[in-house]
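# Commentary on secondary and tertiary structure
Each chain, letter by letter, is given below.
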Number of protein chains: 2
Amino acid sequence: MSKEENLMTSMQEIADKAGVSRATVSRVLSNHPSVKADTRKKVMYWVKKMNYEPNMIAQSLAGNSTNLIGVIVPEIAYPFFSEIIEAIERQAFYEGYSIVISNTNRKIEKEKNIIAEYKKRKVDGIIAVPVSERESVSVYKKISIPVTVITKKINNFNSIYISHYKGGEQIAKHFINSGFKKIGYIGPISNSTSARKFAGFKDYLKNQGVQLTDIIECNPPKNMNATLVAESVKEYISNKEIGSEVFFANDDISACEAINAFKMQGYDIPNDIKIAGFDNTLLAREMNPRLTSLAQPLEAIGKKAVQVLINQINYHTKPHMYEMESYVVERESTLNLNIK
Amino acid sequence: MSKEENLMTSMQEIADKAGVSRATVSRVLSNHPSVKADTRKKVMYWVKKMNYEPNMIAQSLAGNSTNLIGVIVPEIAYPFFSEIIEAIERQAFYEGYSIVISNTNRKIEKEKNIIAEYKKRKVDGIIAVPVSERESVSVYKKISIPVTVITKKINNFNSIYISHYKGGEQIAKHFINSGFKKIGYIGPISNSTSARKFAGFKDYLKNQGVQLTDIIECNPPKNMNATLVAESVKEYISNKEIGSEVFFANDDISACEAINAFKMQGYDIPNDIKIAGFDNTLLAREMNPRLTSLAQPLEAIGKKAVQVLINQINYHTKPHMYEMESYVVERESTLNLNIK
DNA sequence: CTGAAAGCGCTAACAC
DNA sequence: GTGTTAGCGCTTTCAG
């Protein structure tokens, strides 16, 4: 029990073995040019032999950088976010960073705690989906850590996002090009982000002289439990005849819920009613029928977020807005059988 | 530009303001009992006032603990894992730990890199879904970091898992109780984990005197892209008439793929063919029809994993096997309309 | 009960 | 080119 803990090979040991100073070992390891090839070789020999691995904690303390990126999302388990996270992890790993992740559950209090935690941990930067444009942002401003915002456009922050308005337009355009005349909408109509999809959708249709036949309003989902959507649909159906051939549901999960609700009332998808979703998550790919959905380039968003953040960390680049391109992925849920 | 970087309030500053030594501040902050109430108050006054936050990096270096848990999963974005991750995050946060996450993509090389990274980072412990029982485990053994394994049972490691064999049995039992006679299976029959589900399923049926009517073999999925399952199903159908009323698909994603394939061939689910999945992920809850599925208690697994790991970290507890209870969640995909 | 002092393992001027 | 010397910000004996 006496001589424990002396197991970690430290830089000093390498220095001793190689007959040089710690500084030289450090130089070799960080590829400092001014080291004689001979010395470098000697040091590397022992590094390999002793299987030396630098202690990142010590490096961080001395060097002022943790190579850690903090990631803040509302809900890790919603496929939309988990797919972005996967992309972030991939790029971060590639760039030599690790990621720490937390869930806000859309609670500003939790978000504040997370940020405080990340600050104490000295993460080099943060990639975040802010809970609230107002409250979150004021917190982000106070901390002196680079923050890159994703999926939302926030002034004075590096932001990587798609235009939800355009996304709505794209769906509308797709519907019209597919020959649909009677078009409906399922989702929130007033919550900020969701409402923008709706606005783009509605405006585009209006410009084309198309009136929305049905609007099934739902509250914005507070979490992945979207059963409210199914209920809204059911309630709507029981009060009113469906006049639409096709619906745009505000996100994939809502689309799934709506499909289930419609089916339960005897409607067949896509024969009686067609539906499109938004986000193009795993749900859209696996649903039956497979879901037409507006694809956000999740892989690209994650990758870009890391790149932009790292730039911000290293070069203090000025905030910039990166609007990514979205596109419609067509699948069976909106097959227009009349047209064919 | 001259006096940058002196912004962080350090412990020394608090000590100065409060007229005590750094040691005392440290004691106050770590709730050391032997501090006069008066002194404590004085120190806390300045801590609050200066908004002091300890530097965790320094704490880690001095104190030998990072309060970091490394999490290793095959695929962050598969709902099964992302739901566990969410549970892990919740519990870890509650216990004062942060989590760093990486994807192995089921590649042993990536896993080794991750472990090396975690080691350099001095994570206090690791929660892992090993890529391979043989190879991964030998790596885990070498590092001197507590490891808790989840979703698999590995000797000499704390393991939190369900019995896949029993899970298979439970599905079989459920089928029989539901009055099904002609039963089929879709999935791998030889890969380790998946094969155990199959074994339990098959054995239970056999004991009940039921022969499997159809076995649609698929390779174990190498990632979330399970289109191979749909192809296997299609191919099977084209060669052979389906003789089963109900199928057990090895996981939810396979069940979804199978449903899509069956539908494409004109079968209605659940009228013509019933299907059950495994894992009870988001997919099962949202699929149409909603999927009967064997539920792994994901929340419980994640929570337990954190608790067990922390115990292992603090008290060097001996490895223990924690077999969690699974259960069938019945939904529309296996509705037996003949029985009603 | 509190302070002084010795690190934790590494980096980065600054000398030689 | 390489070694010496200060730290980074905190914890923790050891005295007093």
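Here goes a summary of the coordinates provided. (Residues numbered from 1 in each chain as written. Chains lettered and ligands numbered in written order. Predicted model: local features only at pLDDT ≥ 70, side-chain atom pairs only at ≥ 80, totals over all residues. Heavy atoms only, no water.)

### Looking at the packing of aromatic side chains
All names here are of chain A. Put simply, the test is: For Phe, Tyr and Trp, rings pair up if their centres lie within 6.5 Å, where Trp contributes its six-membered ring, and each pair is then called stacked (planes under 30 degrees apart), edge-to-face (over 60) or tilted (otherwise). Each residue is placed in one exposure class: buried if its accessible area under a 1.4 Å probe, protein chains only, is under 20% of its type's maximum, exposed if it is over 50%, and partly exposed if it falls in between.
With the rule as written, the count across this model stands at 28 aromatic pairs over all chains. Each ring, one from Tyr 78 and one from Phe 80, has its centre 6.4 Å from the other, and the planes form 45°; the classification is tilted. Judged by centre distance (5.0 Å) and plane angle (70°), the ring pair of Phe 80 and Phe 81 falls under edge-to-face. We note that Phe 80, like Phe 81, is buried. Clustering of aromatic rings is evident, with ring pairs tying together Phe 175, Phe 180, Tyr 185, Phe 198, Phe 201, Phe 248 and Phe 278.

### Re the pairing of strand E4 (residues 147-150) of chain A
All names here are of chain A. Put simply, the test is: Working definition: helices are DSSP H or I runs of at least four residues, strands are E runs of at least two. Numbering for both runs from the N terminus. Here the rule is simple: two strands pair whenever DSSP picks up at least two bridges between them. With strands facing away from the observer, any crossover in which the path from the first strand over the helix to the second runs clockwise is taken as right-handed.
Along E4, one buried face is formed by Val 147 and Val 149 and the opposite face, lined by Thr 148 and Ile 150, is buried too. The sheet contact formed by strand E3 (residues 125-128) and E4 spans three bridges and is parallel. Across the sheet, the residue bridging to Ala 128 is Val 149, located in E4. Note on the crossover from E3 through helix H7 (residues 133-142) to E4: the handedness is right-handed. Pairing geometry for E4 and strand E5 (residues 158-162), over three bridges, is parallel. Paired with Thr 148 across the strands is Asn 158, a residue of E5.

### Some details on the sheet that holds strand E6 (residues 183-187) of chain A
All names here are of chain A. For the record, the criterion: Only the stretch in contact is used when fitting a helix axis, every axis being a line fitted to C-alpha atoms; angles between N-to-C directions are given from 0 to 180 degrees.
Across the sheet, which stays open at both edges, the six strands sit in the order E7-E6-E8-E9-E10-E12 with mixed pairing between neighbours. Since the sheet does not close on itself, it has two edges, and those belong to strand E7 (212-217) and strand E12 (327-329), each with one partner. Between one strand and the next, the sheet's axes are offset by a mean angle of 20°, whatever the strand orientation. Here three bridges tie strand E8 (residues 246-249) to strand E9 (residues 274-279), and the two strands are oriented parallel to one another.

### Section: the packing of helix H2 (residues 22-29) of chain B against helix H3 (residues 37-50) of chain B
For any two helices packed against each other, the geometry comes down to the angle between their axes and how far apart the axes lie. All names here are of chain B. Note the cut-off: These descriptions rest on fixed angle ranges, namely under 35 degrees for roughly parallel, over 145 for roughly antiparallel, 65 to 115 for roughly perpendicular, and the rest for oblique. Any two residues having at least one pair of non-hydrogen atoms within 4.5 Å are treated as being in contact. Put simply, Ala, Val, Leu, Ile, Met, Phe, Trp, Tyr, Cys and Pro go in the nonpolar bin, Asp, Glu, Lys and Arg in the charged bin, and everything else, Gly too, in the polar bin.
Interhelical geometry of H2 versus H3 gives an angle of 90° and a closest axis separation of 10 Å. Classed by the angle they form, the pair H2 and H3 counts as roughly perpendicular. For the pair H2 and H3, contact is made by Thr 24, Val 25, Val 28 and Leu 29 and by Thr 39, Arg 40, Val 43, Met 44 and Val 47, respectively. Of the residues assigned to the contact of H2 with H3, the class counts are six nonpolar, two polar and one charged.

### Here's the deal with the protein's contact with DNA strand D
Spelled out, the test is: Only a single heavy atom is needed: when it lies within 4 Å of a molecule or strand, its residue is near that molecule or strand. We call two N or O atoms a polar contact when they sit within 3.5 Å, provided that within protein one can donate a hydrogen and the other can accept it, with sequence-adjacent residues counted only if both atoms are side-chain atoms.
Around DNA strand D, 25 residues are found, and the nearest of them are Arg 27 and Thr 39 of chain A together with Met 11, Arg 22 and Tyr 52 of chain B. When atoms of DNA strand D within 4 Å of the protein are split into backbone and base, the sugar-phosphate part holds 56%. A distance of 2.9 Å separates a phosphate oxygen of DNA strand D from a polar atom in the backbone of Ser 21 of chain A. Broken down by secondary-structure element, the contributors of at least two residues to the surface near DNA strand D are helix H2 (22-29) and helix H4 (56-63) of chain A together with H2 and helix H4 (56-63) of chain B. Tallied by class, the residues present in the surface near DNA strand D amount to eleven nonpolar, nine polar and five charged.

### So, H2 of chain B
Residues and elements named next belong to chain B. Definition in use: This arc is taken over the directions from the axis of the helix to the C-beta atoms.
Of all the residues in H2, the buried ones are Thr 24, Val 25 and Val 28. Summarising the axial view, the buried residues of H2 lie within an arc of 100°, below the 170-degree limit, and thus occupy one face. Of the surrounding elements, those touching the buried residues of H2 are helix H1 (11-18) and H3.

### Things to note about the sheet that holds strand E8 (residues 246-249) of chain B
Residue and element names in this part refer to chain B. Read from one edge to the other, the open sheet built from six strands follows the order E7-E6-E8-E9-E10-E12, with strand pairing classed as mixed. Only two strands of the sheet have a single neighbouring strand rather than two, namely strand E7 (212-217) and strand E12 (327-329). Direction aside, neighbouring strands of the sheet carry axes that sit 20° apart on average. Relative to E12, strand E10 (residues 292-295) runs antiparallel, the two being bridged by three bridges. Following the sheet pairing, Ala 295 is matched in E12 by Tyr 327. Seen against the sheet, helix H9 (residues 192-207) touches strand E6 (183-187), E7, E8 and strand E9 (274-279) and runs at an angle of roughly 170° to E6. On the sheet, helix H11 (residues 252-264) packs against E6, E7, E8, E9 and E10 and is oriented at approximately 160° with respect to E9.

### What to know about the environment of Asn 250 of chain B
All names here are of chain B. Looking at the element boundaries, Asn 250 is found in the loop between E8 and H11. By relative accessible area, Asn 250 is classed as buried at 1%. Linking Asn 250 and Ala 300, residues 50 residues apart in sequence, is a C-alpha distance of 22 Å. The contact partners of Asn 250, leaving out residues within four places of it in the chain, are Tyr 185, Ile 186, Gly 187, Pro 188, Ser 194, Lys 197 and Phe 278. A distance of 2.6 Å separates the side chain of Asn 250 from the side chain of Tyr 185, its partner in a polar contact.

### As for unusual backbone geometry
Note the cis peptide between Ile 269 of chain A and Pro 270 of chain A, where omega equals 5°. Positive phi, close to 55°, is recorded for Asn 280 of chain B, a residue that is not glycine. Relative to the helices and strands, Asn 280 of chain B resides in the loop between E9 and helix H12 (282-286).

### A word on the relation of the copies chain B and chain A
Spelled out, the test is: Copies overlap after least-squares fitting; the atoms used are the C-alpha atoms of residues with pLDDT of at least 70 in both.
Once turned by 180° and shifted 0.0 Å along the axis, chain B lies on chain A with an RMSD of 0.0 Å. Such a turn and shift between the copies fits a two-fold axis. Distance from the rotation axis, computed per C-alpha, reaches its smallest value in chain B at Val 100 of chain B: 2.1 Å. The fraction of interface residues of chain B whose copies in chain A are also interface residues reaches 100%, indicating that both copies meet through the same surface.

### Describing the protein's contact with DNA strand C
With respect to spatial proximity, 25 residues lie near DNA strand C, and among them Met 11, Arg 22 and Tyr 52 of chain A together with Arg 27 and Thr 39 of chain B are the closest. Atoms of DNA strand C within 4 Å of the protein belong to the sugar or the phosphate in 59% of instances, the rest to bases. Note that a phosphate oxygen of DNA strand C is positioned 2.7 Å from one of the side-chain N or O atoms of Ser 26 of chain A. The side chain of Arg 27 of chain B places a nitrogen or oxygen atom 2.3 Å from a base oxygen of DNA strand C.

### Quick word on the pattern of salt bridges
How we decide: We define a salt bridge as a contact between a side-chain nitrogen of Lys or Arg and a carboxyl oxygen of Asp or Glu at a distance within 4 Å.
Tallied over the entire structure, the rule returns 22 salt bridges over all chains. Ionic pairing is found between Glu 133 of chain B and Arg 196 of chain B, a salt bridge with its closest N-O pair at 3.9 Å. Linking Glu 133 of chain B in helix H7 (residues 133-142) with Arg 196 of chain B in helix H9, this pair joins segments that are 63 residues apart in sequence. The exposure class of Arg 196 of chain B is partly exposed, given its relative accessible area of 37%. Across the pair Glu 323 of chain B and Lys 166 of chain B runs a salt bridge, and its minimum N-O distance is 2.7 Å. You can see Glu 323 of chain B sitting in strand E11 (residues 321-324) and its partner Lys 166 of chain B sitting in helix H8 (residues 164-177), a full 157 residues away along the chain. Here the salt bridges share partners, and the residues they tie into one network are Glu 86, Arg 90 and Glu 299 of chain A.

### So, the state of the cysteines
Simply put, disulfide is the name for a covalent bond between the sulfur atoms of two cysteines. We apply this condition: We call a pair of cysteine sulfur atoms a disulfide whenever their separation is within 2.5 Å.
Evaluated as defined, the whole model comprises zero disulfides over all chains. No disulfide involves Cys 218 of chain A; its sulfur sits 14 Å from the nearest other cysteine sulfur, which is in Cys 256 of chain A. Here Cys 256 of chain A stays free of any disulfide, with the sulfur of Cys 256 of chain B as its closest cysteine sulfur at 9.2 Å. The class for Cys 256 of chain A is buried, based on a relative accessible area of 0%.

Note that all results are geometric; they support no functional claim without further evidence.
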